[in-house]
Amino acid sequence: MAPLIAAIDQGTSSTRFLVFNAKNAELVCQQQVELQQMFPKEGWVEEDPREILQSVYTCMQRACEQLGRLHVDVSCIKAVGVTNQRETTVVWDRESGEPLYNAIVWLDLRTQSTVERLISKTPGRNKNHLRKQTGLPISTYFSAVKLRWLLDNVEEVREAVRNGRAMFGTVDSWIIWCLTGGRDGGTHCTDVTNASRTLLFNIHSRTWDPELCRFFDVPMDLLPQVKSSSEIYGWVSSGPLAGVPVSGCLGDQSAALVGQMCFQEGQAKNTYGTGCFLLRNTGTKPVMSSHGLLTTLAYQLGPESPPCYALEGSVAIAGAVVRWLKDNMGIIQSSAEIEKLAAAAGSSYGCYFVPAFSGLYAPYWEPSARGTICGLTQFTNKSHLAFAALEAVCFQTKEILEAMNQDSGVPLNTLQVDGGMTSNRLLMQLQADILGVSVVRATMSETTALGAAMAAGAAEGVGVWSLSAGDLPRVQTERYEPQINLEECQSRFARWKKAVQKSMNWEVADNGIPRWCSVLHFYW
């Protein structure tokens, strides 16, 4: 059996453990455990760090048992990588090893008053006051404001800080610390991609920034050591994989970028899930956005390797619009039906759907927008609406790509895509037509986990892959080329943008001021 590389893919709704053949990147086995989210108050989203950790151990154990049934020795696993939901915040006790509070999930909104207080102390009440150092706005989205809330509101956290027992980390840090021994010598670390989502990390020096820590009043001794995305952090301390190095770590969207082999400046990937997260490799220097995008660390594949940066754009509603057609409208019975239904129409026939169910994200960041369907006639039927919904996903992606082209100055010629929606071939062809560039779909859908596995297998001391030799596995792809002329594409896009304007300033407060959407509270 060829060497195997494993990946822990710890997401918002589930944890998975996947094992790949290092020779050809084929998926050998995988196990998944669903997670329960808790909503103690409106806008609050929590998860139990113990449950997260137990789900990791359960998936690992079951995967090893599955390998046994396949007559594969677990000793073939040479390294483990970790990829994780970003920004979710955990604080725990270094002596007991126990969490001091539930994990506050990335989309939690309890920190809005914290954000407002922090912004109020900046010159001119500027939400972008820290962007030069961090590439990010001051927002409920990021980890530092969640940590600040914990320090302000949870006595157990404050006491542990006073006694020098508190440890902070995103989910990757919690998992790696526990896997490598926990209170008995576990490694307290994170990688540059996760650190760059905290608002405490200087993306230029690639270190925790004392000035940022003072701004948030966060003691620096709480913070994990920042390492590259590909090096040995420690070794699994117990269980069937005891002694295997943990040697790769990437936030989930960065892991997808690596798994898609987007290693060249200008390459971009879009992950189509509930929403869309589009990252574009901007090379070894950060590019600051003036068009509503985030600047973030893409990866650093080795402590001596140069870091690479990315511009990131987020679309709130992608796959969720299909779920809305199914659950709310009853137009389809399963998500898989939308391709056939849309294909029956072959066009939206002038119908345009703006799924701004919770406002608009990048590049608008307009929380007052609401969902809008324009251009309806007596001829319009459910097939046209299904087609318009798929087009909406593609138009939103085009808007982000245009913003990225303007920010980076490097025109896109190919978009790598992954995620559950990419199995819809009609959607993929529409995306190529609307973008006017080639769309390349990975036929192996687990590119996020593969990216973490690649980082782990390429680490010095593991030696499964050599980055310098360029022998990383290549995932098979399908390619979609544009099939409509530029004039038609521009006409359809212009009408879409007209529909977007119709959706703006829909939700207003009694005083006539737009009521801010409470999803991510990005104000650009």
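Preceding this paragraph is the structure being described.
What counts, and where the lines are drawn
Residues numbered from 1 in each chain as written. Predicted model: local features only at pLDDT ≥ 70, side-chain atom pairs only at ≥ 80, totals over all residues. Heavy atoms only, no water. Helix = DSSP H or I, 4+ residues; strand = E, 2+ residues; numbered from the N terminus. Buried < 20%, exposed > 50% of the residue type's maximum accessible area, 1.4 Å probe, protein only. Contact = heavy atoms within 4.5 Å. Areas by Shrake-Rupley, 256 points an atom, 1.4 Å probe, with all protein chains shown as cover. Lys, Arg positive; Asp, Glu negative; His and termini not counted. Charge placed at Lys NZ, Arg CZ, Asp CG, Glu CD. Salt bridge = Lys/Arg side-chain N within 4 Å of Asp/Glu carboxyl O. Axes fitted to C-alpha atoms, helices over the stretch in contact; angles between N-to-C directions. Parallel < 35°, antiparallel > 145°, perpendicular 65-115°, else oblique. Nonpolar A, V, L, I, M, F, W, Y, C, P; charged D, E, K, R; others polar. Pairing = 2+ DSSP bridges.

Enquirer: Help me understand the overall build of the chain in this model?
Expert: A tally of regular secondary structure across the chain gives 15 helices and 23 strands. Expressed along its principal axes, the backbone C-alpha trace of the chain runs to roughly 70 × 60 × 40 Å. A burial count over the chain gives 61% of its 524 residues as buried. Taking all contacts inside the chain whose residues are at least 6 apart in sequence as the whole, residues at least 24 apart take part in 71%. Accessible surface, the chain as shown: approximately 20,200 Å² in total, 48% of it carbon and sulfur. Averaged over its 45 positive side-chain charges, the chain has a centre that lies 4 Å from the centre of its 51 negative ones.

Enquirer: Would you mind going over the pattern of salt bridges with me for this structure?
Expert: Pairing between side chains of opposite charge can happen when the charged atoms of each approach one another. Inspection of every chain in the model, using the stated rule, returns 26 salt bridges. As a salt-bridge pair, Arg110 and Glu46 come within 2.8 Å of each other at their nearest N and O atoms. A residue pair is termed long-range when its members are at least 10 positions apart, and Arg110 in the loop between β7 (103-104) and α2 (112-120) and Glu46 in strand β4 (residues 46-47) qualify at 64 residues. Each of the two residues, Arg110 as well as Glu46, counts as buried. Among the salt bridges present, the one from Asp327 reaches Lys326, with a minimum N-O distance of 2.6 Å. Since its relative accessible area comes to 49%, Asp327 is described here as partly exposed. When salt bridges that share partners are traced, they join Arg86, Glu87, Arg197, Asp252 and Glu312 into one network.

Enquirer: Help me understand the packing of helix α9 (residues 252-259) against helix α14 (residues 447-457), please; the structure alone is not making it clear to me.
Expert: In a packed pair of helices, the relevant descriptors are the angle between the two axes and the axis-to-axis distance. Following both chains from N to C, one finds α9 and α14 inclined at 80 degrees, their axes separated by 7 Å at the closest point. One element, α9, and the other, α14, form an angle in the roughly perpendicular class. For the pair α9 and α14, contact is made by Asp252, Ala255, Ala256, Val258 and Gly259 and by Thr447, Thr448, Leu450, Gly451, Ala452 and Met454, respectively. Tallied by class, residues from the contact of α9 with α14 come to six nonpolar, four polar and one charged.

Enquirer: Got a minute to help me understand the pairing of strand β14 (residues 245-251) in this structure?
Expert: It is a general feature of regular strands that their side chains alternate between the two faces of the sheet. The element β14 is extensively covered by neighbouring structure, given that seven of its seven residues are classed as buried. Of the pairings in the sheet, the one linking strand β5 (residues 77-84) to β14 comprises five bridges and is parallel in character. Along β14, the bridge assignment pairs Val80 with Val246. By the bridge criterion, three bridges tie strand β13 (residues 230-235) to β14 in an arrangement that is antiparallel. When the bridges of β14 are listed, Ser230 appears paired with Gly248.

Structural measurements only, silent on function.
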